[in-house]
Amino acid sequence: MGYYVEPGQYYESAEAKRRMRNLVDACGLLELLVTDVRDGGVVRRAATRQELEAVHAPAYVERVAAASGKGGGDAGDCAFYGPGSFAIAALAAGCAIGAVDAVAEGRVDNAYVLCRPPGHHATREMGMGFCVFNSVAVAAKHARTRLRMGRVAVVDYDVHHGNGTEEAFYGDPGVLVVSVHEDSLYPLGTGKVEDRGEGAGEGYNVNVPLPPGSGVGAYTEAFDRIVHPLLDAFEPEIILVSSGFDASALDPLGHMMLPSGWFGEAAARLAARGVGVVFVHEGGYSEVAAPFCGLRVLEAMAGVPKSNVVDVMEGEIRAYGYQETQAHQRAVIDRVEREIEEVKGLMRSRAAA
Ligand SMILES: [Zn+2]
């Protein structure tokens, strides 16, 4: 980050993920979850080249594989990786596929894939923003082609726009992609309301670019008025969630104001829809906050009573000023709500037919 910045831990590191896993373990929740293939649960494996190439250009996959064998590189724009990273990124995508299979076959009701690197920025031709392979997109393609699902929904609440996932399904009405993100953060220039998909997929890509400073009010309203009504109309056979915790008030790379408890509420509502949900870990760079966000999601998904774990920042963040929806935030939601009116009707008539 420049000559005068004293080096520290890189934002995208294993630390927040390691702490989330350990918190889930320490509070006893891990014992209640199906965690292993031996439980008849989720199969952990690497994605094959063919599965990766359903989303990424073969030349790009090969480029990552070759550089990974030689010491690493940059997959594109700010997606640095070290030796051996091809195997790790392929494992992240493969675990997302394994989770989709486990949910589709009814072995588990829902699943959380705690993996890295994240994936939702990775496009067909290159990695971006810490993302090498787009795990959610690879898993959604698997659901569409191998499992022959006609309707797959992707809900992305990572604070950054899921541009790679948008690109992968821009023309596909079989995959509804809804991204709620901070307006004009990363990547710059993507994630606009008017980017609605193309051809047969027009209307099936929905962006909700919330202004920086949005909190519990705006996020809850975006889910009440945009995300859930779309899911009601689309009736997906499975929901994949790009689960980034960087809209947390404490995140160093986002400028939103969510407490950890909000993520639990969002997960509870998604899990209560009566269709399988697969959460795939994306961003979340506060080592302090992200583990609590993850714990709240897992508690909600598992449907167990909330653990005794207290996030001491929860009350403080909820008491911050401007947590309720502000007029300029509501104006964005109003606009998106008008944009989706027509496609909701289209979805309903398609479902009826
Ligand atoms: Zn992010």
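See the structure above.
Description of the structure in this document. (Residues numbered from 1 in each chain as written. Predicted model: local features only at pLDDT ≥ 70, side-chain atom pairs only at ≥ 80, totals over all residues. Heavy atoms only, no water.)

For the pair helix H7 (residues 216-234) and helix H8 (residues 260-271), interaxial distance at closest approach is 12 Å and the crossing angle is 15 degrees. In terms of orientation, H7 and H8 fall into the roughly parallel class. The two elements H7 and H8 meet at a crossing, and its hand is right-handed. Touching Val216, Tyr219, Thr220, Phe223, Asp224, His228 and Leu231 of H7 are Trp262, Arg269 and Leu270, all from H8. In terms of residue class, the contact of H7 with H8 is made up of six nonpolar, two polar and two charged. (Axes fitted to C-alpha atoms, helices over the stretch in contact; angles between N-to-C directions. Helix = DSSP H or I, 4+ residues; strand = E, 2+ residues; numbered from the N terminus. Parallel < 35°, antiparallel > 145°, perpendicular 65-115°, else oblique. Left-handed = near helix turned anticlockwise from the far one by under 90°. Contact = heavy atoms within 4.5 Å. Nonpolar A, V, L, I, M, F, W, Y, C, P; charged D, E, K, R; others polar.)

Moving on: helix H4 (residues 85-104). Given a rise of 1.5 Å per residue, 20 residues ought to cover 28 Å, and the 29 Å separating the end C-alpha atoms of H4 matches this to within 8%. Judged by how many residues are buried, H4 sits mostly within the fold: 16 of 20 residues are covered. At the exit of H4 stands Gly106, carrying a positive phi of roughly 75 degrees. (Expected span 1.5 Å × (residues − 1). Buried < 20%, exposed > 50% of the residue type's maximum accessible area, 1.4 Å probe, protein only.)

Attention shifts here to the coordination of the zinc ion. Coordination sphere of the zinc ion, protein contribution only: Asp158 (OD), Asp158 (OD), His160 (ND1) and Asp246 (OD), at 2.0 to 2.8 Å. Coordination geometry of the zinc ion: the four donor atoms subtend angles of 52 to 152 degrees at the metal centre, consistent with an arrangement described as irregular. All donor residues of the zinc ion come from one chain, and their arrangement in sequence is D-x1-H-x85-D. You can see Asp158 sitting in the loop between strand S6 (152-156) and helix H6 (163-168) and its partner Asp246 sitting in the loop between strand S9 (238-243) and H8, a full 88 residues away along the chain. Accessibility classification places Asp158 together with Asp246 in one group, the buried group. (Donors = N, O, S within 2.8 Å, 3.2 Å for Na, K, Ca; no water. Tetrahedral: all angles 85-135°; square planar, octahedral: opposite > 155°, others 65-115°.)

Before going further, it helps to examine a nonpolar patch on the surface. There is a patch of nonpolar side chains on the surface, built from Met1, Val5 and Tyr11 and spanning about 360 Å² of accessible area. Counting through the fold element by element, Met1 comes out in the segment before helix H1 (15-26). (Patch = residues over 30% accessible without salt bridge, like charges linked within 9 Å, V, L, I, M, F, W, Y side chains within 5 Å. Areas by Shrake-Rupley, 256 points an atom, 1.4 Å probe, with all protein chains shown as cover. Salt bridge = Lys/Arg side-chain N within 4 Å of Asp/Glu carboxyl O.)

Looking now at the pairing of S9. The buried fraction of S9 amounts to six of the six residues, a majority that puts the element mostly inside the structure. Judged by which residues are buried, S9 turns out to be covered on both faces: Ile238, Leu240 and Ser242 on one side and Ile239, Val241 and Ser243 on the other are all buried. Sheet topology places S6 next to S9; five bridges connect them, and they run parallel. Note that in S9 the partner of Val152 across the bridge is Ile238. Taken together, S9, H8 and strand S10 (residues 277-281) form a β-α-β motif whose crossover is right-handed. (Pairing = 2+ DSSP bridges. Right-handed = clockwise from strand over helix to strand, strands pointing away.)

Once the charged atoms of two side chains with opposite charge are near each other, the side chains can pair. Applying the stated criterion across every chain, the model contains 24 salt bridges. The partner of Arg49 in a salt bridge is Glu62, with the nearest N and O atoms 2.8 Å apart. Of the two residues, Arg49 sits in helix H2 (residues 49-52) while Glu62 sits in helix H3 (residues 58-68), which places them 13 residues apart along the sequence. For Glu62, a relative accessible area of 39% puts it in the partly exposed group. Between Asp334 and Arg225 there is a salt bridge; the shortest N-O distance is 2.6 Å.

By the secondary structure assignment, Asn207 is in strand S8 (residues 205-210). Taking the relative accessible area as the measure of exposure, Asn207 reaches 2% and is therefore buried. Taking the C-alpha atoms as reference points, Asn207 and Ala122, separated by 85 residues in sequence, lie 17 Å from one another. Residues in contact with Asn207, not counting those within four places in the same chain, are His161, Glu166, Ser179, His181, Gly191, Lys192, Val193, Asp195 and Val336. There is a polar contact of 3.1 Å between the side chain of Asn207 and the side chain of His161. Among the polar contacts made by the side chain of Asn207, one reaches the main-chain carbonyl oxygen of Lys192 at a distance of 3.0 Å. (Polar contact = N/O pair within 3.5 Å; in protein donor to acceptor, adjacent residues only side chain to side chain.)

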